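# Chain and residue survey
Here is how the chains run, residue by residue.
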Amino acid sequence: MNNGYCSPALVADAHATDTIAKRVHYSPPWADLSIIGVAGSSGSGKSTLSHAIVSKLNLPWVVIMSMDSYYKPLDAEASKKAFLNEYDFDSPDAIDFDALLETLRDLKAGKRTEIPVYSFEKHQRLKETTTIYSPHVLVLEGIFALYDPRVMELMDMRIYCEADADTCLSRRILRDVKDRGRTVDGCIKQWFGFVKPNYEKYVVPQRNHADIIVPRGVENRVAMTMVTQYIERKLLEKSTHHRAALKSLEIGFESETLSDRVTILKETPQLRGMNTLIQDIDTCSEDFIFYFDRLSCLIIEQALNNVHFKEHTVETPAGRQYRGLAAKGEVCAVIVLRGGATFEGGLRRVIPDCRTGRLLIQSNTRTGEPELHYLKLPNDISKHESVLLLDAQMSSGGSALMAVQVLVDHGVPQDRIVFATYSAGRVGIHRLTKVFPEIAVVVGNMVPDFQDRWVEKRYFRC
Amino acid sequence: MATATEKRPEPGPTQCVGPDYRSESQKPIATVSTAVKFENVVTLPQTPQLIALLTMIRDKNTERADFIFYSNRIIRLLVEEGLNHLPVMEHTVTTPVGRTYAGLMFQGKICGVSIMRAGEAMEQGLRDCCRSVRIGKILIQRDEETSKPKLFYDKLPEDIAERWVLLLDPMFATGGSAIMAVDVLKSRGVPEERILFLNLIASPEGIKNFAIKFHKVRVVTAFVDQGLDEKNYIIPGLGDFGDRFYTM
């Protein structure tokens, strides 16, 4: 068996909690999000700086959120003023801090969050929203990013951008005329009417709350490096924490029996024969693919026995009644790439028009940590009767845990999730069912230990 | 062979269907396969999925495309179960992770024999599990004069005597054609124990007639129905399989 090593601290931790045997908590790496606040006068280069930071890090888990999304929607009277450039957008009163706070708290808890879209043309929030899910680092930029103490409390780093007033005004005119449909006259009227007085009254005092004050924006390489290094260190801490948490979920896997919601395909002669052909390194690709498709079809058929059915009586052509069953609702599938894609042949044989979501989880080659890179799910996934979650192999269970967490975060109740895989080890199943005791698991072939992901390599031949 | 003389067949047994971890109240109730006491008859596990598939193909309102699709899914499950009765030998291999796996190797040559025309509808399911399998055909029709089944045509692999035979016919009513087909196979040298008769829906009468005549032929069925009506149709059944699959 593979090592059951656990650091003493983690063991102590686990014993301290009585409920560990019942419900173990899994914390995805996007829980406890790090928030970087970037404040500064209008036109001081906040968003340029934020974008530069993100592009320098070049990671999918760092996102920018502009506080512009949180302008309060205007009523008819305020709207009229706004069109005459007489509404004060540069006062903290124009910002809906409560809504912002709610979003940040949700994100910090690892939840999927809808960000409002504000239209500068209409001075209203649009019906559509932008979804943010699973960032590890969020850069919040806005003139009042460091204004509300409740928001600041959630931040890990506070940056204040500084630029001289002439630069700010010229940048602002260029931006507002080009991107926000204003006139030059309007811009200047706003500048002296609101922006400048507010700058002195509300924006400048934020300097006192900043950890770093960055003059000259993106040209300031030293500041940029400091910020990116800080974020990189934060990400590494999160990764270490995530891997340690995964490790701690192993406890008890040797002694405890598997949950009754775990089905292992019956070891019939055909199944063993197919397993032999699939696992034999000397099997040619044509045979491998043929037998894998045949077996994955059986796994899907078995998985579907865990979905919910309702009673349904039909009349046969002989005019007789048959008291049968019918599916309670639509079943959709979510494929964990790349391994899960090997199940698509089998899936299409059973449900040809199955709606299929995909998520790409890859193990970091350096640390072994599973990482969520891509996510596309059916919009109404939470309303589907059941969701089949498919992956070719499960060894440590890290990516399966993450995949289930993603579904749960998207509103799919645990007891509607069926995780199906070709092969799995006891450790992985133990972890997965400890954290999510209500999901059903279907396994084609139990394997003794952690295995390299060889199935997808064989199936896709690369 | 004498057919059933009982007046009205008993309605089939009902039970809660679903995975073990759900309580009785969480599981819907459905009619399941009638129990039969013959050792050579294997019925597929009565899973909720199988019952739902059968419900779909029994429903007279199901369209042809759906009928074909759902019956194919059951046929594949039947073939998978049927293949489990073939011989295997131990075979150890090296896996991609460098371990050894004490596995099994399929042994013995097989072929399919479909009883025309409905049996031919099962050929795709067989091919889905066994590529390039040899398939023979037998045409048996009711003789207008004697109203007994009569063999009109057969085309079988020449070496059929050395093969295991998967005999295909979806509806197993009185068993008249199946009995004749087995007689044909036996006349070509296929021993009873190497014949597997795969069908979707069987009648208790058909199974009984067959089992009395052939002790060693194995029958694999998805569902044993209540019985036969006065015209010897399986009830509740699903109508004429060939018509629903090919022409309706």
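Cut-offs applied
Residues numbered from 1 in each chain as written. Chains lettered and ligands numbered in written order. Predicted model: local features only at pLDDT ≥ 70, side-chain atom pairs only at ≥ 80, totals over all residues. Heavy atoms only, no water. Helix = DSSP H or I, 4+ residues; strand = E, 2+ residues; numbered from the N terminus. Rg over C-alpha atoms; globule rule 2.2 N^0.38 Å. Contact = heavy atoms within 4.5 Å. Areas by Shrake-Rupley, 256 points an atom, 1.4 Å probe, with all protein chains shown as cover. Lys, Arg positive; Asp, Glu negative; His and termini not counted. Charge placed at Lys NZ, Arg CZ, Asp CG, Glu CD. Expected span 1.5 Å × (residues − 1). Buried < 20%, exposed > 50% of the residue type's maximum accessible area, 1.4 Å probe, protein only. Core = buried A, V, L, I, M, F, W, Y, C linked by side-chain atoms within 4.5 Å. 1 Å grid on protein atoms, 1.4 Å probe; cavity = no way out; pocket = protein on both sides within 12 Å on 5 of 7 lines; lining within 4 Å. Points joined across faces, edges and corners; volume = space filled by probe spheres on them. Nonpolar A, V, L, I, M, F, W, Y, C, P; charged D, E, K, R; others polar. Buried area = accessible area lost by both parts, 1.4 Å probe. Salt bridge = Lys/Arg side-chain N within 4 Å of Asp/Glu carboxyl O. Polar contact = N/O pair within 3.5 Å; in protein donor to acceptor, adjacent residues only side chain to side chain. UniProt positions renumbered as here; feature names shortened; annotations may be inferred. Pairing = 2+ DSSP bridges. Axes fitted to C-alpha atoms, helices over the stretch in contact; angles between N-to-C directions.

### Quick word on the overall build of chain B
- Scanning chain B for helices and strands turns up six helices and 14 strands.
- Over its C-alpha trace chain B gives a radius of gyration of 19 Å, about what one expects of a compact globule, namely 18 Å for 248 residues.
- Taking the principal axes of the C-alpha coordinates as reference, chain B spans close to 65 × 55 × 35 Å.
- Contacts in chain B between residues at least 24 apart in sequence constitute 61% of all its contacts with a sequence separation of at least 6.
- Total accessible area on chain B stands at roughly 11600 Å², and carbon and sulfur atoms take up 48% of it.
- Charge-centre separation for chain B: the mean point of 31 positive side chains lies 2 Å from the mean point of 31 negative side chains.

### Concerning helix H2 (residues 46-57) of chain A
Residue and element names in this part refer to chain A.
- Taking 1.5 Å as the rise per residue, H2 with 12 residues should run 16 Å; its terminal C-alpha atoms sit 17 Å apart, in good agreement.
- Taken together, the buried positions of H2 are occupied by Lys 46, Leu 49, Ser 50, Ala 52, Ile 53, Val 54 and Leu 57.
- Looking at the buried positions of H2, the neighbouring elements they touch are strand S1 (34-40), strand S2 (62-66), strand S5 (137-141), strand S6 (157-162) and helix H8 (221-248).
- In the segment just after H2, Asn 58 is the residue with positive phi, at about 50 degrees.

### Some thoughts on the nonpolar core
- Leu 388, Leu 390 and Tyr 422 of chain A together with Phe 241 of chain B are the most contacted members of the largest nonpolar core, which totals 86 residues.
- A total of 10 residues in this core trace back to one element, the largest contributor, which is helix H10 (residues 285-303) of chain A.
- Ile 35, Tyr 87, Phe 97 and Leu 138 of chain A belong to the second largest nonpolar core, which has 38 residues in total.

### Thoughts on empty space enclosed by the protein
- According to the stated counting rule, one finds five cavities of 30 Å³ or more in the structure shown.
- As a volume, the largest cavity reaches approximately 50 Å³.
- Taken together, Arg 294, Cys 297, Leu 298, Glu 301 and Arg 349 of chain A together with Arg 76, Leu 77, Glu 80, Asp 128 and Cys 129 of chain B make up the lining of the largest cavity.
- Within the residue set of the lining of the largest cavity, elements represented by two or more residues are H10 of chain A together with helix H2 (64-83) and helix H3 (123-129) of chain B.
- Examining the composition of the lining of the largest cavity, we find that four residues originate from one element, H10 of chain A, more than from any other.
- Its residues placed into classes, the lining of the largest cavity shows four nonpolar, no polar and six charged.

### Details of the interface of chain A and chain B
- In this assembly, 54 residues from chain A lie in contact with 53 residues from chain B.
- Roughly 4900 Å² of surface becomes buried between chain A and chain B when both sides are summed, with 57% attributable to carbon and sulfur atoms.
- Interface area lost by chain A to chain B is led by Arg 320, Tyr 322 and Leu 325 of chain A, which between them contribute 15%.
- Joining chain A to chain B, the criterion identifies four salt bridges.
- Its salt-bridge partner being Arg 73 of chain B, residue Glu 301 of chain A comes within 2.9 Å of it at the nearest N-O pair.
- Inspection of the region where chain A meets chain B yields 23 residue pairs in polar contact (both at pLDDT 80 or more).
- Considering each element in turn, the side of chain A that touches chain B owes the most residues, 10 residues, to helix H9 (residues 269-279) of chain A.
- The class makeup of the residues in the side of chain A that touches chain B is 23 nonpolar, 14 polar and 17 charged.

### Some points on the UniProt feature "domain: Phosphoribosyltransferase" (unreviewed entry) in chain A
- Within this numbering scheme, the UniProt entry marks residues 267-446 of chain A as carrying the feature "domain: Phosphoribosyltransferase" (unreviewed entry).
- Helix makes up 33% of residues 267-446 of chain A and strand 33%. Its end C-alpha atoms lie 10 Å apart.

### Considerations on the environment of Glu 128 of chain A
Residues and elements named next belong to chain A.
- When you line up the elements, Glu 128 lands in strand S4 (residues 124-132).
- The exposure class of Glu 128 is partly exposed, given its relative accessible area of 48%.
- Each C-alpha atom, one on Glu 128 and one on Gln 362, is 31 Å from the other, the two residues being 234 residues apart in sequence.

### A few points about H9 of chain A
- With eight of 11 residues buried, H9 of chain A is to be regarded as a mostly interior element.
- What H9 of chain A keeps buried is the set Gln 270, Leu 271, Gly 273, Met 274, Asn 275, Thr 276, Ile 278 and Gln 279 of chain A.

### Details of the sheet that holds strand S16 (residues 440-446) of chain A
All names here are of chain A.
- Pairing is mixed in the open sheet, where seven strands are placed in the order S8-S16-S15-S14-S11-S12-S13. Edge positions in the sheet fall to strand S8 (262-264) and strand S13 (370-376), since each has one partner strand and no second. Between one strand axis and the next, the sheet turns through 20 degrees on average, direction left out of account.
- Bridge analysis of strand S15 (residues 417-424) against S16 gives six bridges, and the strand direction is parallel. Bridging across to S16, Val 418 finds its partner in Ala 440.
- On top of the sheet, H10 reaches S8, strand S14 (386-394), S15 and S16; it is set at about 145 degrees to S15, its chief contact.
- The strands touched by helix H13 (residues 426-435) are S8, S14, S15 and S16; relative to S16, the strand with the most contacts, the crossing angle is about 180 degrees.

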